[in-house]
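# Geometric and topological summary
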Amino acid sequence: MFIVIMDSITMDRAALGSLVWQLSTRWRVEADRSLAPLGLTQAQYTLLAALSALRRKGGEPSQQALAQALGLSAIYVSKLLRALEGAGLVTRLPDPGDARARRLSLTPLGESRLNAARRTVAALDRQLTEPLGEAGGGTAQAFRIMLRSLLAHHDQIAGSTPSPAPPADPSP
């Protein structure tokens, strides 16, 4: 059940963009805190999950394909990949067909760490969304629809490609 402890005047005057920003910032802080024991940040987890999802679709994706799938800049993805490669979680090998491109894969350690991170993120997701009720319930689904609508609207006004779907289901 969705319960809000605010008076209606405060609720009506709160800027939606500010609320979305506050929630996003707090969520990321909690995700970073929860993933820290695994040696990961929320951004690194998201990249690993997306890489795993792309690999399940076949082949070894390039850094560019991963960046596009995540809706992130190639430079930021490269920075994240360097850290993950240094930790032994991913490999970046030259693409035989394009000397400029790198093909990506998870190492066995990367797979293991991703599986542990998925369990951590799933538990955090359940904790942080508890006020929305069951994950498959009406309130949670309505919230998902509203968030996707805001993302699609942002993409439309920004003239960008649609926001990617989540990289992978975080549940184990």
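Just above sits the structure.
Residues numbered from 1 in each chain as written. Predicted model: local features only at pLDDT ≥ 70, side-chain atom pairs only at ≥ 80, totals over all residues. Heavy atoms only, no water.

## Notes on the overall build of the protein chain
A count of helical and extended segments in the protein chain gives seven helices and two strands. Sequence-ordered secondary structure for the protein chain, helices as α and strands as β, is α-α-α-α-α-β-β-α-α. Burial statistics for the protein chain: of 172 residues in total, 28% are counted as buried. (Helix = DSSP H or I, 4+ residues; strand = E, 2+ residues; numbered from the N terminus. Buried < 20%, exposed > 50% of the residue type's maximum accessible area, 1.4 Å probe, protein only.)

## Concerning the packing of helix H4 (residues 63-70) against helix H5 (residues 74-86)
Contact geometry of H4 with H5 gives a least axis separation of 9 Å together with a crossing angle of 110°. Accordingly, the angle class assigned to the pair H4 and H5 is roughly perpendicular. Relative to H5, H4 is oriented so that their crossing is right-handed. Here Gln63, Gln64, Leu66 and Ala67 of H4 lie close against H5, whose contacting residues are Ala74, Val77, Ser78 and Leu81. (Axes fitted to C-alpha atoms, helices over the stretch in contact; angles between N-to-C directions. Parallel < 35°, antiparallel > 145°, perpendicular 65-115°, else oblique. Left-handed = near helix turned anticlockwise from the far one by under 90°. Contact = heavy atoms within 4.5 Å.)

## Comments concerning the environment of glutamine 44
Structurally, glutamine 44 is set in helix H3 (residues 42-56). Separated by twelve residues in the primary sequence, glutamine 44 and aspartate 32 place their C-alpha atoms 9.5 Å from one another. Aside from chain neighbours lying at most four places away, what touches glutamine 44 is Gly39, Leu80, Ala83 and Leu84.

## Quick notes on the nonpolar core
Core analysis: the biggest nonpolar cluster contains 26 residues, and Leu47, Leu48 and Leu66 have the highest contact counts within it. Mapped onto this core, the elements with two or more residues apiece are H3, H4, H5, strand S2 (98-106) and helix H6 (108-128). For this core, the element with the most residues is H3, which contributes eight residues. (Core = buried A, V, L, I, M, F, W, Y, C linked by side-chain atoms within 4.5 Å.)

## Some points on the environment of serine 62
Looking at the secondary structure, you find serine 62 in the loop between H3 and H4. Sequence separation of serine 62 and aspartate 95 is 33 residues, and the distance between their C-alpha atoms is 8.1 Å. Serine 62 has contacts with Arg102, Arg103 and Leu104, leaving out every residue within four places of it along the chain. Separated by 3.0 Å, the side chain of serine 62 and the backbone nitrogen of alanine 65 make a polar contact. (Polar contact = N/O pair within 3.5 Å; in protein donor to acceptor, adjacent residues only side chain to side chain.)

Function cannot be read off these values alone, since they describe shape.
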